[in-house]
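A structural walkthrough
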Amino acid sequence: MEGTGDTNKETLFSYEENEDTRYSRAAHVTKVSMILNFVLATFKFTAGILGTSTAMIADAAHSLSDLITDIAVIVGLRIAKKPGDSTHNYGHGKIETLAAAFTGLVLVTAAIGIFWGGLQKIISYYNGEGLPVPSKITLIVAIISILSKEWLYRYTMACGREIKSDAVIANAWDHRSDALSSLGTMIGVGGAIFLGGRWVVLDPLTAIVISFLIFKVAFDISYKNLNELLEASLDSEIYGSIENILNSTEGVLGFHELKTRKIGNAMAADVHIEVDRDLNIVDAHEISTQIENRLKEVCGSNGHFSIHVEPCSDSEHYKKHT
């Protein structure tokens, strides 16, 4: 499985559409997801109940949780696109991060519920209670779910990467975890149907395996986005690019207090630069403007940059670089 920590890095610096267009694209792909998740959840619950499959019912619960996160993503992105105001000077981008974190936490809850349900069935089985053999309808629904959710994962991920939305990308991973869930259901249900006898325990056992897969994806999503809510620094690659800009800008003799963070889909950086103390204010400001323009080329035009200029004598500069 691919990692989730830097899934949108390849388009991190290139997306320039306005927030209304960005929201429209995200809303469209999420509405497609909502419709498909509703249909799948309905089919899975029906097939799970009629086909007496614990794994399929667990899979249905996962699809239902996907529907909940779809709603959270749309609401989050709708608020996040609002411009800055007197009470939110940096805009509302953190709401998007919060929506992504919520998606991860919903997945954690779903994983725990699926694990507990499967464990209870296994305990009951080894205490002498019989387990029903799932019907073939559950196998058919599982195959349909795998194909549709894998397509939805690819469709949503492509959009999320293009518009640089952590919330949409988190939702895409939610779809992939549902595809894996259905794959596990297919294996467990197929084994229970075609092997029969004691192998019927494969159905609830598969539900437990599914819960661990979901939890892994949920942890990655939650950790990344909760970390951003706690004002984590930008990753080392971007941080290094910012340092290179500061070091290579003519007139900058040194810098310190470099602080970075992410605000929704925008990046922010604060830094103190040192310039020749004999420069006039116009020239010093020109250096600051040049740095800001170069940062926008790397970090995006919607970034937030604060550059504080400080005087530095030649002797101080010499001492620092020898």
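Use the structure listed above.
The rules behind the values
- For every chain, the first residue of its written sequence is number 1, and the numbers climb from 1 along that sequence.
- For a predicted model such as this one, the threshold for reporting local features is a pLDDT of at least 70, and the threshold for listing and counting side-chain atom pairs is 80 or more; totals across whole chains, interfaces and linings nevertheless cover every residue.
- Values reported for side chains reflect all heavy atoms of the structure, with hydrogen atoms and water molecules removed beforehand.
- Secondary structure is summarised from DSSP: a helix means a run of H or I of at least four residues, a strand means a run of E of at least two, and numbering begins at the N terminus for each.
- Lines fitted to C-alpha atoms define the axes, with helix axes restricted to the stretch in contact, and inter-axis angles between N-to-C directions lie between 0 and 180 degrees.
- Here is the rule for angles: anything less than 35 degrees is roughly parallel, anything more than 145 is roughly antiparallel, 65 through 115 is roughly perpendicular, and the remaining ranges are oblique.
- Take the far helix as the reference: if the near one is turned anticlockwise from it by less than a right angle, the crossing is left-handed, and if turned clockwise, right-handed.
- Ten residues, namely Ala, Val, Leu, Ile, Met, Phe, Trp, Tyr, Cys and Pro, are considered nonpolar, four, namely Asp, Glu, Lys and Arg, are considered charged, and the remaining ones, Gly among them, are considered polar.
- Candidates for patches are residues over 30% relative accessible area with no salt bridge; among them, like charges are joined within 9 Å and nonpolar side chains (Val, Leu, Ile, Met, Phe, Trp, Tyr) within 5 Å.
- Each accessible area is a Shrake-Rupley result for a 1.4 Å probe, and residues are judged covered by the shown protein chains and nothing else.
- One speaks of a salt bridge when a side-chain nitrogen belonging to Lys or Arg is within 4 Å of a carboxyl oxygen belonging to Asp or Glu.
- Each pair of strands is called paired provided DSSP finds at least two bridges between the two strands.
- In what follows, a contact means two residues having at least one pair of non-hydrogen atoms within 4.5 Å.

Here we come to unusual backbone geometry. At E257, a residue that is not glycine, the phi angle is positive and equals roughly 55°. Here E257 lies in strand β1 (residues 254-263).

Look at helix α4 (residues 136-163) against helix α5 (residues 166-195): their axes get within 7 Å of each other, and the N-to-C directions meet at 165°. Classified by the angle their axes make, α4 and α5 are roughly antiparallel. As α4 runs across α5, the sense of the crossing is left-handed. A breakdown of the residues in the contact of α4 with α5 according to their chemical character gives 18 nonpolar, eight polar and six charged.

It is worth spelling out a nonpolar patch on the surface at this point. On the surface, I35, F38, V39 and F43 cluster together into a nonpolar patch covering about 420 Å² of accessible area. Along the chain, the position of V39 falls in helix α1 (residues 19-50).

What follows deals with the sheet that holds β1. Pairing is mixed across the open sheet formed by three strands, whose spatial order is β1-β2-β3. Strands with a single pairing partner mark the edges of an open sheet, and in this sheet they are β1 and β3 (304-312). Going across the sheet, the axis of each strand differs from the next one's by a mean of 10°, ignoring polarity. Sheet topology note: the strand β2 (residues 266-276)/β3 ladder contains nine bridges and is parallel. Its bridge partner being in β3, D276 is matched across the sheet by C312. Along the sheet, helix α8 (residues 281-299) contacts β2 and β3; its crossing angle with β3, the most-contacted strand, is approximately 145°.

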